[in-house]
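Architecture at a glance
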There are 2 protein chains.
Amino acid sequence: LRKAGIIGAGAWGTALAIVLADNGYDVMLWDRSSSVVSEINENRRASRLLGIHLPKTVSATCVPEEAIEGSSIVISAIPSTVVSNIASVFGPLIEKDALLVSATKGLDPETLRRPSQVWIDAVSSLKERTVVLSGPNFAVEISQRLPAATVIAGAEIARKRAQEAFWTPYLRAYTNWDIIGVELGGAFKNIIALACGMAEGAKLGFNGQAAIISRGITEIARLGMVLGAEPFTFAGLSGLGDLVLTSTGHLSRNRQAGIAVGRGEPISQFLDRTGYTVEGLSTVKSAVSLAEKHGVTMPITEIVYKILYQGISVRQGLYETMSREKRPEHDQ
Amino acid sequence: LRKAGIIGAGAWGTALAIVLADNGYDVMLWDRSSSVVSEINENRRASRLLGIHLPKTVSATCVPEEAIEGSSIVISAIPSTVVSNIASVFGPLIEKDALLVSATKGLDPETLRRPSQVWIDAVSSLKERTVVLSGPNFAVEISQRLPAATVIAGAEIARKRAQEAFWTPYLRAYTNWDIIGVELGGAFKNIIALACGMAEGAKLGFNGQAAIISRGITEIARLGMVLGAEPFTFAGLSGLGDLVLTSTGHLSRNRQAGIAVGRGEPISQFLDRTGYTVEGLSTVKSAVSLAEKHGVTMPITEIVYKILYQGISVRQGLYETMSREKRPEHDQ
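Everything quoted here is computed from the prediction, not taken from an experiment. (Residues numbered from 1 in each chain as written. Chains lettered and ligands numbered in written order. Predicted model: local features only at pLDDT ≥ 70, side-chain atom pairs only at ≥ 80, totals over all residues. Heavy atoms only, no water.)

**Focus on the packing of helix H8 (residues 179–201) of chain A against helix H9 (residues 206–226) of chain A**
Residues and elements named next belong to chain A. This is how it is decided: In this analysis an axis means a line fitted to C-alpha atoms, helices contributing only their contacting stretch, and an angle means the value between N-to-C directions, from 0 to 180 degrees. Secondary structure elements are defined from DSSP: runs of H or I of at least 4 residues count as helices, runs of E of at least 2 residues count as strands, and each element is numbered from the N terminus. Convention used here: angles under 35 degrees read as roughly parallel, angles over 145 as roughly antiparallel, angles from 65 to 115 as roughly perpendicular, and any remaining angle as oblique. Should the near helix be turned anticlockwise from the far one by less than a right angle, the crossing is left-handed, and should it be turned clockwise, the crossing is right-handed. Whether two residues are in contact is decided by their heavy atoms: any pair within 4.5 Å suffices. Amino acids are sorted into nonpolar (Ala, Val, Leu, Ile, Met, Phe, Trp, Tyr, Cys and Pro), charged (Asp, Glu, Lys and Arg) and polar (every other residue, Gly among them).
At a minimum axis separation of 10 Å, H8 and H9 run at an interaxial angle of 150 degrees. On the basis of the axis angle, H8 is roughly antiparallel to H9. Judged by the twist between their axes, the crossing of H8 over H9 is right-handed. Each of Leu184, Phe188, Lys189, Ile192, Ala195, Cys196, Ala199 and Glu200 in H8 lies in contact with H9, whose residues at this interface are Gln209, Ile212, Ile213, Gly216, Ile220, Leu223 and Gly224. Among the residues making up the contact of H8 with H9, the classes are represented as ten nonpolar, three polar and two charged.

**A look at the sheet that holds strand E9 (residues 148–154) of chain A**
All names here are of chain A. What counts here: Strands are labelled as partners when DSSP assigns at least two bridges between them.
Here we have eight strands laid out as an open sheet, ordered E5-E2-E1-E6-E7-E8-E9-E10, and mixed in their pairing. The strands lining the two open edges of the sheet, one partner per strand, are strand E5 (58–61) and strand E10 (171–176). Taking the axes of each pair of neighbouring strands and ignoring which way they run, one obtains an average angle of 25 degrees across the sheet. Sheet analysis places E9 next to E10, joined by six bridges and oriented parallel. Counterpart to threonine 150 in the pairing with E10 is alanine 173.

**Things to note about the relation of the copies chain B and chain A**
Worth spelling out the cut-off: Overlaid copies result from least-squares superposition on C-alpha atoms, with residues included only where pLDDT is at least 70 in both.
Overlaying chain B with chain A gives an RMSD of 0.0 Å, the required rotation being 180 degrees about an axis along which the chain moves by 0.0 Å. Each copy turns onto its partner about a two-fold axis. Proximity to the rotation axis, assessed at the C-alpha, singles out alanine 235 of chain B in chain B; its C-alpha lies 2.9 Å from the axis. Comparing interface residues between copies, 100% of those in chain B also lie at the interface in chain A; the contact surface is shared.

Take a look at the structure:
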């Protein structure tokens, strides 16, 4: 039996464990929480996935070596804030020919590096064996085997190996060579999801949200190009597709945070009340820094930043957005 | 006072009348229904826009000459099925230097021409003065002056004139040179809205709908390129933006039709029950013809066609879609 190790037994890591188990892998989930680990091993249920039943071939451990050693695939499914620390501990344990799959959406808040970069910087031999998995995928629906599509980006041999590993009757995994675009799309889309939520919370209508999504993709692609991505990637599954999901589905934390702010609740109060990790809150800071550094205009990102961190109101932000100069849709 | 004539006093024509009236135009709506005309003139209310109150400078008539003569802007806001007949009657009445704004989303069902082409074929001198207006715009929200963005595409002088005419504090009108892409996006997006509705009606989850939207934009762009459009246009307001709106807002007729079919209701019964015009039902036939003629692969469009016109079930269609071969996200 082929073995897979998954770092992080949150909703997403556990859903991906089910996919690999369905494809014949013996899966070991690592989590630092011993209560999460024992619940998986003893009750065979994932509390973070509405209590769904886990296949027999999925187990959990608190010991890094038990998850990583002997695994031909390692998945990193952890928040962007901890990738740097985790990579330095787990990176050296990864087998010489194993594939590393980064499933984190966000940027390292300290260095603004993409998560896959952080791993490769920790262990340089991972360069040709690291892929990014990103797409419009609610974990709960994947664990229920509802139909979905996702993207796997990386070097040619690695991305094809990963496509084989994740391909199931309910999950179509498309390959893409543009690792930068796929990874940035998954990170930046949370900013636009926050903006859509704000518009909804302030009752600005559907037209406004559709405009935010379209114009948001345009400005994300503009920054992405400067950072080495292919602009068309942002119109694909990992950019637009994921943005549509976070902006319209009822489960996205970024959107929920935006809605609360749009209704007038301070973001700190929302975080206290829900206990959520909202990736977009740090991504918007990173994007503003990158946009300034590279001289890229990002009106929606800037307004979201001002609303979150400089105390302007959603109405004021809307007014600033709508009163910008007349423009063509795309620069020629 | 500048005068504008609008052909068709449906929801969209009436909403655009309000925009132009807000910008200082004296607007005359033409409609063939004398009851619609007298309601506008006598009650100053638009029954198709939730009874919203109309500005004093909006009137209506059943006489083509009264709407068109003396107008510096003429808007065509009629279903795609009647553009050919209307253009031959109204075209010769349009003033020599007037702008023609085509706001119809769909293709001529007989000849598969875009609506703007039909107008130009009827009156060749319109070529440099015809623009297309298309974007993620629910008419009711526009009439309520909720914030929105739209696209105006055509020759440079014409599109800039039109941008001035439609620009208001609540409507950002972006210009685009790619008239083919903007017009095709507005037409083809209804096919994908039908597909999303079907997935929702059959309870396939949010991941599936996000996948349909992303993969749908990809296949629409593929056909559009063959027909002379810029692929990136389909990722903009008139393509993706409008698709997001029709697929997620609660007002789209195409989505509602898809939901009914997804729940198992025959499409003929849905049309009888609601009395709706569902543009996507003829657009899907046009797209299948164009795709065959030009040898373009359009899996989602083909499945929607088979479900609507060849009696396969939504489940069977889903199975056919999911069991296609492994692929890269974009052809290189």
